[in-house]
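As a plain string of letters, each chain reads:
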Amino acid sequence: MQDIQMSRDRRGIDIQRVGINDVYLPFLIKTKGGSFQQVTARIRFTVSLPQEFKGTHMSRFLGILNPWSERPVAEPEMESILDEALKKLDAKSAELSIRFKYFIPRVAPVSGQKSVLDIDCAFIGKKKVGEPFSFELGVNVPYTSLCPCSKAISAYGAHNQRSVMRARVRFNEGYECIYIEDLVALMEGEASCPIYPLLKREDEKYVTERAYDNPKFVEDVLRDLVLAFRGIDGIAWFAIECENYESIHNHNAFASHEEFVIRK
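Residues numbered from 1 in each chain as written. Predicted model: local features only at pLDDT ≥ 70, side-chain atom pairs only at ≥ 80, totals over all residues. Heavy atoms only, no water.

**Some thoughts on the overall build of the protein chain**
Working step 1: Looking only at helices and strands, the protein chain features six helices and ten strands.
Working step 2: Considered along the principal axes of its C-alpha atoms, the protein chain spans approximately 80 × 40 × 35 Å.
Working step 3: When each of the 264 residues of the protein chain is scored for burial, the buried share is 45%.
Working step 4: Of the contacts formed within the protein chain by residues at least 6 apart in sequence, a portion of 64% connects residues at least 24 apart.
Working step 5: Computed over 35 positive and 37 negative side-chain charges, the inter-centroid distance for the protein chain is 3 Å. (Helix = DSSP H or I, 4+ residues; strand = E, 2+ residues; numbered from the N terminus. Buried < 20%, exposed > 50% of the residue type's maximum accessible area, 1.4 Å probe, protein only. Contact = heavy atoms within 4.5 Å. Lys, Arg positive; Asp, Glu negative; His and termini not counted. Charge placed at Lys NZ, Arg CZ, Asp CG, Glu CD.)

**Description of the packing of aromatic side chains**
Working step 1: Counted by the stated rule, this structure contains six aromatic pairs.
Working step 2: Here the aromatic rings of F229 and F238 are separated by 5.3 Å at their centres, their planes lie at 55°, and the arrangement is tilted.
Working step 3: Members of the aromatic cluster, each reached through a chain of ring pairs, are F100, Y102, F123, F133 and F135.
Working step 4: A cation over a ring is seen here: R106 above Y196, with NZ or CZ 5.7 Å from the ring centre. (Phe/Tyr/Trp six-rings, centres within 6.5 Å; stacked < 30°, edge-to-face > 60°. Lys NZ or Arg CZ within 6 Å of the ring centre and 35° of its normal.)

**As for the nonpolar core**
Working step 1: Core analysis: the largest hydrophobic core is formed by 65 residues, its most contacted members being I43, F45, L137, V139, I180 and F229.
Working step 2: The residues contacting V139, other than those within four sequence positions of it, are I119, D120, C121, M165, R166, A167, I180, L183 and M187.
Working step 3: Among the nonpolar cores identified, the runner-up in size contains five residues, and L146, C193, V207 and A211 belong to it. (Core = buried A, V, L, I, M, F, W, Y, C linked by side-chain atoms within 4.5 Å.)

**Some thoughts on the side chain of E246**
Working step 1: Positionally, E246 belongs in the loop between β9 (235-244) and β10 (253-260).
Working step 2: Lacking a salt bridge, the buried E246 has R162 as its closest oppositely charged neighbour, with an N-O distance of 12 Å.
Working step 3: Among all residues touching E246, those that are not within four sequence positions of it are H159, Q161, H251, N252 and A253. (Salt bridge = Lys/Arg side-chain N within 4 Å of Asp/Glu carboxyl O.)

**Remarks on the packing of helix α1 (residues 58-68) against helix α2 (residues 75-88)**
Working step 1: It is the contact of α1 with α2, at a shortest axis distance of 10 Å, that shows an interaxial angle of 150°. The pairing of α1 with α2 is recorded here as roughly antiparallel in orientation. Relative to α2, α1 is oriented so that their crossing is right-handed. Mapping the contact onto sequence places R60, I64, L65 and W68 in α1 and E77, S80, I81, E84, A85 and K88 in α2.
Working step 2: A per-class count over the contact of α1 with α2 returns five nonpolar, one polar and four charged. (Axes fitted to C-alpha atoms, helices over the stretch in contact; angles between N-to-C directions. Parallel < 35°, antiparallel > 145°, perpendicular 65-115°, else oblique. Left-handed = near helix turned anticlockwise from the far one by under 90°. Nonpolar A, V, L, I, M, F, W, Y, C, P; charged D, E, K, R; others polar.)

**A short note on the environment of A85**
Working step 1: If you trace the backbone, A85 turns up in helix α2.
Working step 2: Looking at A85, the relative accessible area reads 0%, which means it is buried.
Working step 3: If near-sequence neighbours (up to four positions away) are discounted, A85 is found in contact with F45, V47, I64, D90 and A94.

**As for the pattern of salt bridges**
Working step 1: This model, assessed by the stated rule, comprises 18 salt bridges.
Working step 2: A salt bridge links R17 to E95, with the nearest nitrogen and oxygen atoms 3.1 Å apart. With R17 in strand β1 (residues 15-30) and E95 in strand β4 (residues 93-107), the pair connects residues that are 78 residues apart, well separated along the chain.
Working step 3: Under the relative-accessibility criterion, R17 is labelled partly exposed at 47%.
Working step 4: The partner of K32 in a salt bridge is D182, with the nearest N and O atoms 2.7 Å apart. Of the two residues, K32 is situated in the loop between β1 and β2 (36-49) and D182 in helix α4 (residues 180-188); the sequence distance between them amounts to 150 residues.
Working step 5: Since its relative accessible area comes to 44%, K32 is described here as partly exposed.
Working step 6: Among the ionic contacts, a cluster of salt bridges with common partners joins E79, D83 and K127.

Right, dumping it as structure tokens:
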């Protein structure tokens, strides 16, 4: 049959990214414990398209993805998927973004009640022919913040808010990416208090008092995160955002920072 996609285009424009977006597939994500967790992944999968071709073969993207959705996926598997795309689609570059909810076991601090905390995560891989594979891990971590100024000026109490930390990290070649569980724990350590999905009365007392004893502005949380990220072995680059959903204002407090980590 005639293949219009592969007919010649004469407009002289290379397309940097062409492919499929908002594809939902089940994926298996490797966990720290050596097993895997099944997630529903939202996927964007693209390749470059030379100016001489009218279109790419959209069906080949799903043909590549479907078998991989049945195997545990982490950084090495992402590179293999992109290598396959470069070969089968005869492309010079390929990118893959997998976004998913990841569930981390959580134990209430006093009652010991067990629950799971949902974390928005992303695996983002990029590969160009003849160049090293680039992998980026992204996580969004909810937390509690308590305002130092409110605590200092109030006769009793202080306003606090639910907040979110957003982080993306890349590692130097030869270093394994950090586990999601470890990155989340590191980030939560810089909050006024972590989030617990299930709290009994004694737990609520604990988290209220812990936040009160550890007040932080959004700038404090961000700066403490920067110091913590600089201490991660093998990290090459990171970007962090902190956003407090203010309880006494009709706007949010926001701070962000990114940097390449230079080792001395």
